[in-house]
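# Inside the fold
Chain residues, written in single-letter form:
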Amino acid sequence: MSKENEYEEAMDDLKESLRGSLSKTRELRELGGYFTLFNMTDEAEFLFKKASEIEPDAPEPKFASASLLYSQGESDAAEERLKQITADFPDFAPAFSLMGALLNEKGDSEAALPFLEKAAALEPENPDTLFNLGNSYDDNNQPDKALGCYNKVLELDPDHAQSYNSIGLIHSDDENWASAISAFGKALAIDPSYSNAHLNLAAAYLNNPNASVVDAEDEYKLAIKFDPYNADAHLGLGEIHYNDENYRKALECFEEAVHNDPSLVAAHLNLGNTYYVLGDLEEAATSFKNAVSADKELAEPRFWTAKIRQRQGKELEAAINYKLYLTLDPEGEWAREAEEALNTLKTDWPV
């Protein structure tokens, strides 16, 4: 039986239990949850409000309504409701946990931390809460506390692959490559299809002087096998091909990375570099322009755009881009070359 059929059977049972009297709050909440899964948001909201009217002093119906808003992407409205729930029901852990997750998604990991700490204090044996708290500690540059959370999760759930992956990332940040490789390997022993663990293991192999590039290449390929849309894996594999001067294969990888994640700046930049090496200057210029569109403060594509325009005889455009590069990165890798190029152009184009 498919999951969808299981859900529909459960919904039918709940409806039968509620037939004749919409007065059972647990059933109302559960049926509202199923309605949410099937994107029947109006029906879900109606049932949650009904449950809240029956039990006005209970946190569960209010929390169900806040969760619905969160699932719909209405984060501001969800945040306001969660603030009220956490104030009125200081012992209701799910509200603190969801509030922390919401704030993390908004990029405010500092504000999220106390909510997740409170949730973990209320539910110290909840692996999901502890894992999210560990992520929040890591985001707030407290790796030791993060490791403590991940290890606690593994005590409660030894098959929690995500915790091993997160431990590996902390070791990677410390450049402890042997420990990182070990942690990623444990994650993959639990879940061989864990694409991001393959991705992270590949990066660790590349940084470990005792590992081979072939090992890293194999892991990138496995990451792509289990998640064909993993843009970072396509990017990493492309970089290996680029360094091997296999530019056509590199080009395919970078194009796939850009296709899967247009916001991935490094993919646009590497795509531009590859086109440049292959002599396709206009495609290279387009890729560098896309890199700038993704990150206005990025200096490097300005320099290569300038080189392209100078080779094409478009001196004003070259001078402008050299100037922009030097403005953004006056002591950059190509600063001297950019200054020398500007000196040759300044008579006609004193930018």
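Residues numbered from 1 in each chain as written. Predicted model: local features only at pLDDT ≥ 70, side-chain atom pairs only at ≥ 80, totals over all residues. Heavy atoms only, no water.

### Some details on the packing of helix α12 (residues 195–207) against helix α13 (residues 213–226)
Here α12 crosses α13 at 165°, and the two axes come no closer than 8 Å. Between α12 and α13, the angle falls in the class roughly antiparallel. You can see that α12 and α13 cross each other, and the crossing is left-handed. Here Ser 195, His 198, Leu 199, Leu 201, Ala 202, Ala 203, Tyr 205 and Leu 206 of α12 lie close against α13, whose contacting residues are Val 213, Asp 215, Ala 216, Glu 219, Tyr 220, Leu 222, Ala 223 and Phe 226. Residues belonging to the contact of α12 with α13 are distributed by class as follows: 12 nonpolar, two polar and two charged. (Axes fitted to C-alpha atoms, helices over the stretch in contact; angles between N-to-C directions. Helix = DSSP H or I, 4+ residues; strand = E, 2+ residues; numbered from the N terminus. Parallel < 35°, antiparallel > 145°, perpendicular 65-115°, else oblique. Left-handed = near helix turned anticlockwise from the far one by under 90°. Contact = heavy atoms within 4.5 Å. Nonpolar A, V, L, I, M, F, W, Y, C, P; charged D, E, K, R; others polar.)

### Some details on helix α9 (residues 143–156)
For the α-helix, the turn length of 3.6 residues means that residues three or four positions removed from each other point alike. The terminal C-alpha atoms of α9, which comprises 14 residues, lie 20 Å apart, in line with the 20 Å expected from a rise of 1.5 Å per residue. Taken as a whole, α9 has its buried residues at Ala 146, Leu 147, Cys 149, Tyr 150, Val 153 and Leu 154. Considered in projection along α9, the buried side chains sweep an arc of 160° and stay on one side of the axis. Those residues of α9 that are exposed and angled more than 90 degrees off the buried face are Asp 144 and Glu 155. Summarising the contacts, the buried residues of α9 are in contact with α8 (127–139) and α10 (161–173). (Expected span 1.5 Å × (residues − 1). Buried < 20%, exposed > 50% of the residue type's maximum accessible area, 1.4 Å probe, protein only. Arc of directions from axis to C-beta.)

### Overview of the nonpolar core
Leu 133 and Tyr 220 are the most contacted members of the largest nonpolar core, which totals 39 residues. Listed by contribution, the elements that provide at least two residues to this core are α7 (109–122), α8, α9, α10, α11 (177–190), α12, α13 and α14 (231–243). Every residue in contact with Tyr 220, bar those within four places of it in the chain, is listed here: Leu 199, Ala 202, Ala 203, Leu 206, Asp 232, Ala 233, Gly 236, Leu 237 and Ile 240. (Core = buried A, V, L, I, M, F, W, Y, C linked by side-chain atoms within 4.5 Å.)

### What about a negative patch on the surface?
Residues Glu 4, Glu 6, Glu 8, Glu 9, Asp 12 and Asp 13 make up a contiguous surface patch of negative charge. In this structure, Asp 13 sits in helix α1 (residues 3–18). (Patch = residues over 30% accessible without salt bridge, like charges linked within 9 Å, V, L, I, M, F, W, Y side chains within 5 Å. Areas by Shrake-Rupley, 256 points an atom, 1.4 Å probe, with all protein chains shown as cover. Salt bridge = Lys/Arg side-chain N within 4 Å of Asp/Glu carboxyl O. Lys, Arg positive; Asp, Glu negative; His and termini not counted. Charge placed at Lys NZ, Arg CZ, Asp CG, Glu CD.)

### Regarding the side chain of Ser 195
Looking at where Ser 195 falls in the secondary structure, it is placed in helix α12. For Ser 195, a relative accessible area of 8% corresponds to the buried category. The residues touching Ser 195, leaving out its near neighbours within four places in the chain, are Ala 223, Phe 226, Asp 227 and Asn 230.

### A short note on a nonpolar patch on the surface
A cluster of nonpolar side chains, contributed by Leu 316, Ile 320, Leu 324, Trp 349 and Val 351, occupies part of the molecular surface with about 380 Å² of accessible area. Secondary-structure assignment places Val 351 in the segment after α20 (335–345). The class for Val 351 is partly exposed, based on a relative accessible area of 43%.

### Re the environment of Tyr 205
With respect to the secondary-structure elements, Tyr 205 resides in helix α12. As for Tyr 205 and Asp 157, which are separated by 48 residues in sequence, their C-alpha atoms are 27 Å apart. With residues near it in sequence (within four places) discarded, Tyr 205 still touches Ile 181, Ala 211, Ser 212, Asp 215, Ala 216 and Glu 219.

### A few points about the pattern of salt bridges
Evaluated as defined, the whole model comprises 13 salt bridges. Between Glu 27 and Arg 26 there is a salt bridge, with the nearest N and O atoms lying 3.0 Å from each other. The exposure class of Glu 27 is buried, given its relative accessible area of 11%. One salt bridge connects Lys 106 with Asp 76, and the closest N-O pair in it is separated by 2.7 Å. With Lys 106 in the loop between α6 (93–105) and α7 and Asp 76 in helix α5 (residues 75–88), this pair connects stretches of sequence that are 30 residues apart. Using a relative accessible area of 38% as the deciding quantity, one classes Lys 106 as partly exposed. Judged by relative accessible area, which is 53%, Asp 76 ranks as exposed. Look at the salt bridges and you will find they share partners, linking Asp 76, Glu 79, Glu 80, Lys 83 and Lys 106 into a network.

### Concerning unusual backbone geometry
Peptide bonds are, in most cases, trans, and in most cases residues other than glycine have a negative phi. Non-glycine residue Asn 39 carries a positive phi angle of around 60°. Positionally, Asn 39 belongs in the loop between α2 (25–37) and α3 (41–54). Phi at Asn 141 takes a positive value of approximately 60°, unusual for a residue other than glycine. Here Asn 141 lies in the loop between α8 and α9.

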